[in-house]
Amino acid sequence: MQGVGFRDALCGEALDRGVTGWVRNRSDGSVEALVQGEADRVAELIAWARRGPPASRVDDVRVEDAGGEPAHAGFERQPTA
């Protein structure tokens, strides 16, 4: 999915919904994100991620509970992991 602006688009969508966290590319070509916020807002962002921006092709979205992850103040792009 790299090279289609997925991370930037996800950041914008997250900010629009008032959720916090981060997004980054993975070295295998996938994208990983941590999203925190009100459950309905997080669900909206997950639904958007299943479609992605117009130039993307999303094959799979996996959702896991991050549990004890510390709270984030905003939403940011992180370097590739």
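You'll find the structure just up there.
Source: prediction; values computed, not measured.

A few words now on the layout of surface pockets. Here the largest pocket defines a volume of roughly 1100 Å³. Every residue lining the largest pocket is counted, 30 residues in all, and those nearest its centre are Val 31, Glu 32, Ala 33, Arg 62 and Val 63. If you list the elements that add at least two residues to the lining of the largest pocket, you get α1 (6-17), β2 (31-36) and α2 (39-51). With 6 residues, β2 is the largest single contributor of residues to the lining of the largest pocket. The class makeup of the residues in the lining of the largest pocket is 16 nonpolar, 4 polar and 10 charged.

What follows is about the side chain of Thr 20. Structurally, the position occupied by Thr 20 is in strand β1 (residues 20-25). Thr 20 gets classed as buried once you look at its relative accessible area, which sits at 17%. Side-chain polar atoms of Thr 20 contact the backbone oxygen of His 72, separated by 3.4 Å. Leave out the neighbours within four places in its chain, and Thr 20 touches Leu 34, Val 35, Gln 36, His 72, Ala 73, Gly 74 and Phe 75.

Definitions and cut-offs
- All residue numbers refer to positions counted from 1 along the written sequence of the respective chain.
- Selection of residues for local features in this predicted model requires a pLDDT of at least 70, selection of side-chain atom pairs for listing and counting requires 80 or more, and totals for whole chains, interfaces and linings are taken over all residues.
- For side-chain calculations, the full set of non-hydrogen atoms in the structure is used, while hydrogens and water are omitted.
- Think of a 1 Å grid over just the protein atoms. A cavity is a set of points where a 1.4 Å probe fits yet cannot get out, a pocket is an open set with protein on both sides within 12 Å along at least five of seven lines, and lining residues have an atom within 4 Å of a point.
- Grid points are joined across faces, edges and corners, and a volume is the space filled by probe spheres set on the points.
- Helix numbers and strand numbers start at the N terminus; a helix is a DSSP run of H or I with at least 4 residues, a strand a run of E with at least 2.
- Gly falls in the polar group here, along with every residue not listed as nonpolar (Ala, Val, Leu, Ile, Met, Phe, Trp, Tyr, Cys, Pro) or charged (Asp, Glu, Lys, Arg).
- The buried label goes to any residue with under 20% of its type's maximum accessible area, the exposed label to any with over 50%, and the partly exposed label to all in between, with areas taken from a 1.4 Å probe on protein chains only.
- Definition of a polar contact: a pair of N or O atoms within 3.5 Å, with one able to donate and the other able to accept a hydrogen when the atoms are protein atoms, and with sequence-neighbouring residues admitted only if both atoms are side-chain atoms.
- Contacts were defined at the residue level, with two residues in contact if any of their heavy atoms lie within 4.5 Å.

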